[in-house]
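# Reading the structure
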Amino acid sequence: MPSRKHIAMIGSTGPSHIYPSLEIIRELVARGHRVTYAIGEPLVGLVADTGAEPVAHPTILPPSKEAIWSENPIDAKRVFLDEAIAAFGHLTAYYDEDPPSLLLFDIGGMGGPLLGKRYGIPAVRLSPTHVAWKGFEHEPDMAKVIEFMYNSPSGKDFLAVLERWLTDNGVQQEGVDWLTDPGECLSLIPKAMQPCADRIPSSVRFVGPCLAPARLADRSWTPPASGKRVLLVSFGTTYNDKLEIYRACVDAFTGSDWHVVMVVGQHVDPAELGPLPDSFEVHRSVSQLAVLAAASAFVTHAGMGSCTEALWFGVPMVAVPQAADQPRNAATLVELGVGKHLPAEEVTAPALRSAVTEMADSPEVAARLAELSAQARAQGGIDKAVAAIEAYLE
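Residues numbered from 1 in each chain as written. Predicted model: local features only at pLDDT ≥ 70, side-chain atom pairs only at ≥ 80, totals over all residues. Heavy atoms only, no water.

## Comments concerning the layout of surface pockets
Selection rule: Whether a set of points on the 1 Å grid over the protein atoms alone is a cavity depends on a 1.4 Å probe fitting there but being unable to get out, while an open set qualifies as a pocket with protein on both sides within 12 Å along at least five of seven lines; lining residues are those with an atom within 4 Å of a point. Grid points are joined across faces, edges and corners, and a volume is the space filled by probe spheres set on the points. Strands here mean DSSP runs of E at least two residues long; helices mean DSSP runs of H or I at least four residues long; both are numbered from the N terminus. Charged means Asp, Glu, Lys or Arg here, nonpolar means Ala, Val, Leu, Ile, Met, Phe, Trp, Tyr, Cys or Pro, and polar covers whatever is left, Gly included.
Size it by volume and the second largest pocket reaches roughly 160 Å³. Listing elements by their share of the lining of the second largest pocket, those giving two or more residues are helix H6 (140–151) and helix H8 (175–180). Each residue belonging to the lining of the second largest pocket can be placed in one class, and the counts come to six nonpolar, two polar and three charged.

As structure tokens, then:
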């Protein structure tokens, strides 16, 4: 193992961006490395629990739900860019006095590559979602976003701000190229979830999901004594204000042979669902891995974290995507034969019941899930990721 080194992680102030790589950070600390972690002040506690030293900065994240999920495809990117620019002065002030030997960064930690160039050290992306592949710009959805970026007023302004920031920090590169180049990268997803994996640059290493052993062992939730099959319904931590979908689930599975675990987050009052039968339980949050370990189906927004965890446990999915990478993930689940895409505007009680039954009762889906679960677990995970990081130190 390399001697003790200072490794800096440039994070993004959103839980879904922190959890996928958190165990990598914990293991680096356990192996004797000094890890500093740049993060917005509200999530310092989440980072400090690993033993890393938080480098706290003010944050504009998490933004309002409306800002992240606007129909304008540039809005989410602009929020992350503004966050990175606002935090950059805090990071240079700290790291100029205490430079690291290696930089790690989240896809939302956009200052990471610039700090790498500033200090002349490697900067390695820890990607919790898919990365751009050769020819991705020709895919219709991607081409639409890129065209919008070049031609819309908000897109042009975004690129102007980004490229000015790059130039000010010694990088002469078009903004779109800079955004889509994965560079040195560790992919933390099941390889099966990466579109066109055979066209990914060799600088990207697939190390697979890095799920925390403590989370995998968590049994704070236990299956029902009724013996009914378990259906998990959850739309993640951000875009979960889905009262009409939750009500459709109640209508679909009341009186059925399913035990439904519904996670509604902080935006929905469970009382708005009305009286529920004993076969339903509603939570604001729950140990998702504990439920998935016993689940026979999962109604999900198809966020990459949820897709990864469901594949780990071999649980078939009904995907109701909202935004960001979710539509692409839903399409991948369909291509893999382990999920059904149900657009939000088509969600009704009969449609939900039919989709869940189709996925949960199919021997072909079960067989394919068993293959993908085994593949995800065999990718290497935490040990492989840390070994790759230590190789950069050498």
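## Focus: the sheet that holds strand S5 (residues 123–127)
The strands that make up a sheet are held in pairs by hydrogen bonds between backbone atoms, and each pair lies either parallel or antiparallel. Threshold: Only when DSSP finds a minimum of two bridges between them are two strands counted as paired. Each axis is a line fitted through C-alpha atoms, taken for helices only over the stretch in contact, and angles between the N-to-C directions span 0 to 180 degrees. Two residues form a contact once any of their heavy atoms are found within 4.5 Å.
Taking strand neighbours across the sheet as the criterion, the seven strands line up as S3-S2-S1-S4-S5-S6-S7 in an open arrangement whose pairing is parallel. The sheet is open, and its two borders are formed by strand S3 (53–57) and strand S7 (204–206), each paired with just one other strand. Taking the axes of each pair of neighbouring strands and ignoring which way they run, one obtains an average angle of 25 degrees across the sheet. Against the sheet, helix H1 (residues 15–30) touches strand S1 (6–10), strand S2 (34–40), strand S4 (102–106) and S5, its axis set at about 160 degrees to S2.

## Section: the sheet that holds strand S12 (residues 317–319)
Strands sit in the order S10-S9-S8-S11-S12-S13 across an open sheet of six strands; the sheet is parallel. The open sheet terminates on both sides in strands that have one partner only, identified here as strand S10 (280–283) and strand S13 (339–341). Strand-to-strand twist across the sheet, computed as the mean angle between neighbouring axes with direction ignored, equals 15 degrees. As judged from the five bridges shared by strand S8 (residues 229–234) and strand S11 (residues 295–300), these two strands associate in the parallel manner. Looking across to S11, one finds that Leu231 is bridged to Ala297. Each of S8, strand S9 (258–263) and S10 touches helix H10 (residues 243–253); the most contacted strand, S9, lies at about 170 degrees to it. Where helix H13 (residues 326–336) meets the sheet, its contacts fall on S12 and S13, and the angle it forms with S13 comes to roughly 130 degrees.

## A short note on the pattern of salt bridges
Pairs may arise between side chains of opposite charge once their charged atoms sit close together. Heads up, the condition is: By definition here, a salt bridge exists when the distance from a side-chain nitrogen of Lys or Arg to a carboxyl oxygen of Asp or Glu is within 4 Å. Relative accessible area decides the class of each residue, using a 1.4 Å probe on protein chains only: under 20% of the type maximum gives buried, over 50% gives exposed, and in between gives partly exposed.
Enumeration over the complete set of coordinates arrives at 18 salt bridges. We note a salt bridge from Arg215 to Glu309, for which the minimum N-O separation is 3.1 Å. With Arg215 in helix H9 (residues 213–217) and Glu309 in helix H12 (residues 304–313), this pair connects stretches of sequence that are 94 residues apart. Residue classification places Arg215 among the partly exposed residues on the basis of a relative accessible area of 32%. For Asp257, the salt bridge identified is with Arg229, shortest N-O distance 3.9 Å. Pair noted here: Asp257 is in the loop between H10 and S9 and Arg229 is in strand S8, with a separation of 28 residues, a long-range link. What makes Arg229 partly exposed here is its relative accessible area of 27%.

## Considering the nonpolar core
Convention followed: Within this scheme, the nonpolar core is defined by two criteria: the residues are buried Ala, Val, Leu, Ile, Met, Phe, Trp, Tyr or Cys, and they are joined through side-chain atoms within 4.5 Å.
Membership of the largest hydrophobic core comes to 56 residues, with the highest contact counts inside it found for Leu231, Val233, Phe253, Met262, Val299 and Leu352. Top element by residues in this core is H10. It accounts for eight residues. Residues in contact with Val233, not counting those within four places in the same chain, are Tyr246, Cys249, Val260, Val261, Met262, Val263 and Val299. Core analysis: the next-biggest nonpolar cluster, separate from the first, contains 31 residues, Met110, Trp165, Val176 and Trp178 among them.

## Examining the pairing of S8
Along S8, five of the six residues are buried, which leaves the element largely enclosed by surrounding structure. Where S8 meets S9, six bridges bridge the pair, whose relative direction is parallel. Each bridged residue has a counterpart across the sheet, and for Arg229 the counterpart in S9 is Trp258.

## Observations regarding empty space enclosed by the protein
What the rule picks out here adds up to one cavity of 30 Å³ or more. Empty space within the largest cavity amounts to approximately 110 Å³. Taken together, 16 residues line the largest cavity, and the ones lying closest to its centre are Ile10, Gly11, Ala84, Ala87 and Gly109. For the lining of the largest cavity, the per-class residue count stands at eight nonpolar, seven polar and one charged.

## As for the confidence of the model for the protein
This is how it is decided: The pLDDT value tells you how sure the predictor is about a given residue, anywhere from 0 up to 100.
Considering every residue of the protein, the mean pLDDT works out to 91; 95% of them sit at 70 or more. By mean pLDDT, the top-scoring element of the protein is S1 (98), and the lowest-scoring one is helix H3 (residues 65–68) (42).

## Notes on the packing of aromatic side chains
Condition: Each pair of aromatic rings taken from Phe, Tyr and Trp, with Trp reduced to its six-membered ring, is defined by centres within 6.5 Å and is described as stacked if the planes are under 30 degrees apart, edge-to-face if over 60, and tilted in the remaining cases.
Tallied over the full model, the rule gives five aromatic pairs. A ring pair is formed by Phe88 and Trp165, whose centres lie 5.5 Å apart and whose planes are at 85 degrees; its orientation type is edge-to-face. Of this pair, Phe88 sits in helix H4 (residues 75–95) while Trp165 sits in helix H7 (residues 153–168), and the two are 77 residues apart along the sequence. Owing to a relative accessible area of 7%, Trp165 belongs among the buried residues under this scheme. Ring geometry for Trp133 and Phe136: centres 6.1 Å apart, planes at 65 degrees, overall edge-to-face. Like Phe136, Trp133 is buried. These aromatic residues form a ring-pair network of at least three members: Phe88, Trp165 and Trp178.

## Describing the environment of Leu162
Along the chain, Leu162 falls in helix H7. Its relative accessible area of 0% is what places Leu162 among the buried residues. Measuring from C-alpha to C-alpha, the distance between Leu162 and Ser256 comes to 53 Å, with 94 residues separating the pair along the chain. When residues no more than four places from it in sequence are discounted, the contact partners of Leu162 are Leu81, Gly175, Trp178 and Leu179.

## Side note on the side chain of Glu281
What counts, and what does not: Positive charges are assigned to Lys and Arg, negative charges to Asp and Glu, while His and the chain termini are left out of the count. Polar contacts here mean pairs of N or O atoms no more than 3.5 Å apart (in protein, one a potential hydrogen donor and the other a potential acceptor; neighbouring residues in sequence count only if both atoms are side-chain atoms).
Of note, Glu281 is situated in strand S10. Lys228 is the oppositely charged side chain nearest to the buried, salt-bridge-free Glu281, at an N-O distance of 11 Å. Only 2.6 Å separates the side chain of Glu281 from the side chain of His259, close enough to count as a polar contact. The residues contacting Glu281, other than those within four sequence positions of it, are Trp221, His259, Val260, Val261 and Met262.

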